[in-house]
Amino acid sequence: MSWITVNRNEPAIDPNAPPILSAALCEKIRSLFPRYDTKRAVLLPALHMVQDGLGHIPWQAMKEIADILEIHPSDVIDTISFYTHFWTHPKGMKVITACRSVSCETMGGVAVLLELKKQLGIGEHETTPDGRFSLVTEECLAGCDHAPCLLINEKLHRCVKVEDVGRILADDNNDRISQKRSDLFDAPAGDSKSKDVSGLESTSDVAEMKASE
Amino acid sequence: MAKIIIDGQEVECRDNIPVLQAAVDAGWDVPHYCYHPGLSIAASCRLCLMEMKMPHPQTKEMGWAPKLMPSCQTPAREGMEVRFATEKVQQNQKNCMEFFLLNHPLDCPVCDQAGECHLQDYSYKFGDPESRMVDQKLKNPKKDIGPNTLLYSDRCVMCTRCVRFTDEVSGTHELGLVNRGSRLEIDVFPGLPLDNPMQGNVVDICPVGCLLDKDFLFQRRVWELSTASSICPGCATGCAIRVDHADDKVYRLKPRYNPGINDWWMCDEGRYGFKYIEDSKRVTSPIVRRGLDATSPEWADIPEIVQFRFEQHVRENGGEKLAAVLSPFMSCEEGWLLIEFMRETAPECTLVMGPVPMEGDDQSFPVGATGDKVKFTILNEKCPNRRGVEMLLEAAGGNQCSFDEFVEKAGGGSFTAAWIVGGYPKEWVSKELNKATGKIDLLVVQDLLQNSLMTSAAFVFPACSWAEREGSFVNAGGQIQPFDWATNPPEGGRRDGQYLYEIAGYAGLYNGERVRKLMAAKIPAFKEIHEPPVRPVHAH
């Protein structure tokens, strides 16, 4: 058994680097202080702001958040690493989520995940160097009847076989929802005619619902 | 006080302490990892679960609750009934142990903790010999997390004691929990290592071999170490410690539970500050000079030579020309024996309190805490027994002066004979003192490390480090705390207590306790000694 060793005395950030959080963002974080009893309580909202603003939370940003909230940076990484929502490195354009739960595993999900790792050249919770793909695993994608399945951004790929992986990755539209609505689809209130919603530009269910309101 | 029933036996304990604490104090070896009496309660290891009697929700009839309760998180209340010796509880312990050992590497042969590891002990005592794990173990990295500590996260059982220690006792917050679930690890923020004056304690409270002391790493197997109860000489706090030694070499110091003084902790300055014991500049044998002639006589002959030379000197020059400088590194017993000898030789001799080393300011922990919130203090008075020597001087009365006055008077030729005791772990002889002692004909220097006074001294006696002596120290709070010797003096040397005992006119072997009783008979202030309570061996 080989030993994996890590030296934690080496800093992850350059002490002379310019601040990464804009003055406006810092001010926005500070503006939440009156809402809570302690400054520490602003940690989660602050992390959301930085994640939304930068797309991920780099080490430098963690240090800056810690300085604003007057807590130790280890408390910040403690919280960030608990939630998969927060990324400590840049998130790819398309996030591929593979299921690691029972149904998908029995139907060959492990082989699909290994093939994905091989073709993308990255491990779990990593991003390809060109920034196109990130790979994560989740406990269940609620698609057990179509196991094994993959989620790319918001599009669910069902019954994925190992030989399909290359084709799915090469497809530019692999994250776009393009399935036709069935006739049973409830038409929005006030519209008597059922509307064909196929081929919508949006890739988001939320945007789709908003558009049809 | 509350009376609770554990396994059918009545146990008396303080109200509202955790049932686990009451059980451990009363002799039950209840397995636990996350619970530590000095830290907040996490109730995360689930090893200490117990069965408890609770009222039935409808009938209100008392009966054993179907669910197991964490005994560390349940406060003891009058009349409550719990039990540990049941199949249900034991099955839970087995299951928990199997879980803790799932990813634990089988590296006990190279692990420093082996022999004092609670994973080994509990696995043997409460675990199941079989593991059902057939998959590959998860392998977490071994991390260098600071100047004195290594963190082998593959051995970790996630009790989070170390994280709570840095949050609650040292108040420095360096450690955190990174990731989640089976990937959970203890870690620091890269570049902000675990580096505070109390960080050695995380190694003590780690129940397994995850946190390791770089200083002790791979030095010695723990079952080869012998242990002596001692008191830390690093500062006036007077932490109760144990000295772990083998083959007359001190390997490490660990704190002993001492409520109100150091509780469960000690500082790194004390913990790693024992290296001067093996200093190459140690004085190891006595030297006696007459004119230019220097000899190293047998220890047995020394008392007579000293007594003769001092008596002769007093006859020729008078008793008021005699002085003794006592060091705050002496034990009370040694100080008392020296005062006995000096005052017997010349009742009018001058007694002097030696220099008291002070460094910087007091440091309180948690960092920034004041008043009641302070859990540990490192004092700036870097000697163990200033108060003890002061008590002796107060009881002795007669001619006394401060150290500065002594240097001044000696420089002016007021003293022709002096006994100067050192024992400081650092260089302490000032230029003024060196110059002043030139005018002293009969100079006795009793010191640990070689210094410039020794070149002109009539007698040089090797002083021993505290680990080689026995006696008692009086700490800043006025508690008289006895300590035992751990190792033997270097070859050719002898314990200070032994030669002072003989010089003071007593025969036989020096014994700290016996001398303390003789001393207490004359000075009642020394009657009451403070000894920390002994914790059961299974408490940790």
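Residues numbered from 1 in each chain as written. Chains lettered and ligands numbered in written order. Predicted model: local features only at pLDDT ≥ 70, side-chain atom pairs only at ≥ 80, totals over all residues. Heavy atoms only, no water.

Colleague: Explain the overall build of chain B residue by residue, including any values.
Modeller: The secondary structure content of chain B amounts to 13 helices and 26 strands. Once the C-alpha set of chain B is aligned to its principal axes, its extents read approximately 95 × 45 × 45 Å. For chain B, buried positions account for 56% of its 540 residues. Sequence separation of at least 24 residues holds for 67% of the intrachain contacts in chain B that already meet a minimum separation of 6. Accessible surface for chain B amounts to roughly 23200 Å². Of this, 50% is attributable to carbon and sulfur atoms. Computed over 58 positive and 74 negative side-chain charges, the inter-centroid distance for chain B is 4 Å. (Helix = DSSP H or I, 4+ residues; strand = E, 2+ residues; numbered from the N terminus. Buried < 20%, exposed > 50% of the residue type's maximum accessible area, 1.4 Å probe, protein only. Contact = heavy atoms within 4.5 Å. Areas by Shrake-Rupley, 256 points an atom, 1.4 Å probe, with all protein chains shown as cover. Lys, Arg positive; Asp, Glu negative; His and termini not counted. Charge placed at Lys NZ, Arg CZ, Asp CG, Glu CD.)

Colleague: So what's going on with the overall build of chain A? Residues and values would help.
Modeller: Helix and strand counts for chain A come out as 8 helices and 6 strands. Taken from the N to the C terminus, the helices and strands of chain A come in the order β-α-α-α-α-β-α-α-β-β-β-β-α-α. In chain A, which comprises 213 residues, the share counted as buried stands at 38%. Considering only contacts in chain A between residues 6 or more positions apart, those separated by 24 or more positions represent 63%. Here chain A displays about 12800 Å² of accessible surface, and carbon together with sulfur accounts for 54% of that area.

Colleague: Tell me about the sheet that holds strand 4 (residues 133-138) of chain A, residues and numbers included.
Modeller: Residue and element names in this part refer to chain A. Spatially, 5 strands are ordered 3-4-2-5-6 in an open sheet, and the strand pairing comes out mixed. Only two strands of the sheet have a single partner each, and these edge strands are strand 3 (126-127) and strand 6 (155-157). In terms of strand pairing, strand 2 (residues 94-99) meets strand 4 through 6 bridges, oriented parallel. The residue of strand 4 that forms the bridge with valine 95 is serine 134. In the packing of helix 6 (residues 109-120) onto the sheet, the strands contacted are strand 2, strand 4 and strand 5 (150-152), and the crossing angle to strand 4 comes to about 160 degrees. (Pairing = 2+ DSSP bridges. Axes fitted to C-alpha atoms, helices over the stretch in contact; angles between N-to-C directions.)

Colleague: Describe the nonpolar core, listing the residues and the values that go with them.
Modeller: Counting residues in hydrophobic clusters, the biggest one holds 60 residues, and the most contacted among them are Tyr33, Phe100, Trp265 and Trp466 of chain B. Ignoring anything within four residues of it in the chain, the contact list for tryptophan 265 of chain B reads His36, Gly38, Leu39, Phe165, Val169, Met198, Asn201, Ile205, Cys239, Pro255, Lys375 and Phe376 of chain B. (Core = buried A, V, L, I, M, F, W, Y, C linked by side-chain atoms within 4.5 Å.)

Colleague: Residue-level account of the layout of surface pockets, with values.
Modeller: Taken as a whole, the largest pocket encloses approximately 1800 Å³ of empty space. Contributing to the lining of the largest pocket are 48 residues, with Arg100 and Glu124 of chain A together with Asn179, Arg180 and Arg183 of chain B lying nearest its centre. At the level of secondary structure, the elements contributing two or more residues to the lining of the largest pocket comprise helix 4 (73-82), helix 6 and strand 4 of chain A together with strand 10 (185-188) of chain B. A per-element tally of the lining of the largest pocket places helix 6 of chain A first, with 5 residues. (1 Å grid on protein atoms, 1.4 Å probe; cavity = no way out; pocket = protein on both sides within 12 Å on 5 of 7 lines; lining within 4 Å. Points joined across faces, edges and corners; volume = space filled by probe spheres on them.)

Colleague: Explain the domain arrangement of chain A to me, and be specific about the residues and the numbers.
Modeller: Segmenting chain A into domains produces domain 1 (23-82) and domain 2 (94-170). Placing a centre on the C-alpha atoms of domain 1 of chain A and another on those of domain 2 of chain A gives a separation of 32 Å. (Domains from an automatic or database assignment.)

Colleague: Lay out the packing of helix 8 (residues 332-345) of chain B against helix 12 (residues 496-503) of chain B with the relevant residues and their values.
Modeller: The description of two packed helices rests on the angle between their axes and on the distance between the axes. Residue and element names in this part refer to chain B. As a packed pair, helix 8 and helix 12 sit with axes 9 Å apart at the nearest point and diverge in direction by 25 degrees. Classified by the interaxial angle, the pair formed by helix 8 and helix 12 is roughly parallel. In this structure, helix 8 crosses over helix 12, and the sense of that crossing is left-handed. Mapping the contact onto sequence places Glu334, Leu337, Leu338 and Phe341 in helix 8 and Asp496, Gly497, Leu500, Tyr501 and Ile503 in helix 12. The residue makeup of the contact of helix 8 with helix 12, split by class, is 6 nonpolar, 1 polar and 2 charged. (Parallel < 35°, antiparallel > 145°, perpendicular 65-115°, else oblique. Left-handed = near helix turned anticlockwise from the far one by under 90°. Nonpolar A, V, L, I, M, F, W, Y, C, P; charged D, E, K, R; others polar.)

Colleague: Go over the packing of aromatic side chains, please, and point to the residues and values.
Modeller: Under the criterion given, the structure shown has 25 aromatic pairs over all chains. Ring centres 5.3 Å apart and planes at 80 degrees place the aromatic pair tryptophan 59 of chain A and phenylalanine 189 of chain B in the edge-to-face group. Of this pair, tryptophan 59 of chain A sits in helix 3 (residues 59-69) while phenylalanine 189 of chain B sits in the loop between strand 10 and helix 5 (201-205), placing the two residues on different chains. For tryptophan 59 of chain A, a relative accessible area of 31% puts it in the partly exposed group. (Phe/Tyr/Trp six-rings, centres within 6.5 Å; stacked < 30°, edge-to-face > 60°.)

Colleague: Please provide a residue-by-residue account of the pattern of salt bridges, values included.
Modeller: Overall, the coordinates contain 39 salt bridges over all chains when judged by the stated rule. The salt bridge partner of lysine 39 of chain A is glutamate 70 of chain A, with a shortest N-O separation of 2.8 Å. You can see lysine 39 of chain A sitting in the loop between helix 1 (23-30) and helix 2 (43-54) and its partner glutamate 70 of chain A sitting in the loop between helix 3 and helix 4, a full 31 residues away along the chain. With relative accessibility at 33%, the residue lysine 39 of chain A sits in the partly exposed group. For arginine 220 of chain B, the salt bridge is made with glutamate 224 of chain B, and the minimal N-O distance between the two is 2.8 Å. Using a relative accessible area of 39% as the deciding quantity, one classes glutamate 224 of chain B as partly exposed. In this structure, a network of salt bridges that share partners links the residues Arg8 of chain A together with Lys143, Glu185 and Asp187 of chain B. (Salt bridge = Lys/Arg side-chain N within 4 Å of Asp/Glu carboxyl O.)

Colleague: Go over the environment of isoleucine 41 of chain B, please, and point to the residues and values.
Modeller: With respect to the helices, strands and loops of the structure, isoleucine 41 of chain B is situated in the loop between helix 1 (19-25) and strand 3 (49-55). Separated by 394 residues in sequence, isoleucine 41 of chain B and lysine 435 of chain B place their C-alpha atoms 60 Å apart.

Colleague: Would you mind going over the interface of chain B and chain A in detail, with residue names and values included?
Modeller: Contacts between the two partners involve 28 residues from chain B, matched on the other side by 28 residues from chain A. Across the chain B to chain A interface the summed buried area is about 2400 Å²; carbon plus sulfur atoms make up 60%. Applying the counting criterion to the chain B and chain A interface returns 2 salt bridges. Salt-bridge contacts for glutamate 124 of chain A lead to arginine 183 of chain B; the nearest nitrogen and oxygen are separated by 3.5 Å. Our count for the chain B to chain A interface comes out at 14 residue pairs in polar contact (both at pLDDT 80 or more). Listing elements by their share of the side of chain B that touches chain A, those giving two or more residues are strand 7 (142-144), strand 9 (175-178) and strand 10 of chain B. The element that contributes the greatest number of residues to the side of chain B that touches chain A is strand 9 of chain B, accounting for 4 residues. Inspection of the sheet shows strand 1 (residues 5-7) of chain A paired to strand 7 of chain B by 3 bridges, in the parallel sense. Bridge pairing in strand 7 of chain B links threonine 5 of chain A to lysine 142 of chain B. (Buried area = accessible area lost by both parts, 1.4 Å probe. Polar contact = N/O pair within 3.5 Å; in protein donor to acceptor, adjacent residues only side chain to side chain.)

Colleague: Run through the sheet that holds strand 23 (residues 442-447) of chain B, naming residues and quoting values.
Modeller: Residues and elements named next belong to chain B. Strand order in the open sheet made by the 8 strands is 16-15-24-23-22-17-18-21, with mixed pairing throughout. In this open sheet, the two strands that pair with only one neighbour each are strand 16 (293-295) and strand 21 (400-401). Pairing between strand 17 (residues 322-326) and strand 22 (residues 417-421): 4 bridges, direction parallel. The partner of valine 325 across the bridge, within strand 22, is isoleucine 420. The sheet contacts of helix 8 involve strand 17, strand 18 (350-353) and strand 22, and relative to strand 17 the element is tilted by about 175 degrees.

Colleague: I'd like a description of the pairing of strand 2 (residues 9-13) of chain B, backed by residues and values.
Modeller: All names here are of chain B. Where strand 1 (residues 2-6) and strand 2 come together, 5 bridges link them in antiparallel fashion. Bridged to isoleucine 5 within strand 2 is glutamate 10. Between strand 1 and the antiparallel strand that follows it, strand 2, lie 2 residues; aspartate 7 among them carries a positive phi value of about 50 degrees.

Colleague: Explain the environment of lysine 88 of chain B residue by residue, including any values.
Modeller: All names here are of chain B. Position of lysine 88 relative to the elements: it lies in helix 2 (residues 87-100). Judged by relative accessible area, lysine 88 falls into the partly exposed class, the value being 39%. Lysine 88 sits 37 residues away from glutamate 51 along the chain, and the two C-alpha atoms are 8.1 Å apart.

Colleague: Could you give an account of the domain arrangement of chain B, with specific residues and numbers?
Modeller: Size of an interface, as often reported, equals the accessible area lost when the parts are brought together. Looking at the assigned domains, one finds that chain B contains domain 1 (2-97), domain 2 (139-277) and domain 3 (287-357 + 383-526). Distance between the C-alpha centres of domain 1 of chain B and domain 3 of chain B: 55 Å.

Colleague: Which residues make up a negative patch on the surface, and what are the values?
Modeller: Taken together, Glu10, Glu12, Asp15 and Glu78 of chain B make up a surface patch of like negative charges. Looking at the element boundaries, glutamate 78 of chain B is found in the loop between strand 5 (69-70) and strand 6 (81-83). (Patch = residues over 30% accessible without salt bridge, like charges linked within 9 Å, V, L, I, M, F, W, Y side chains within 5 Å.)

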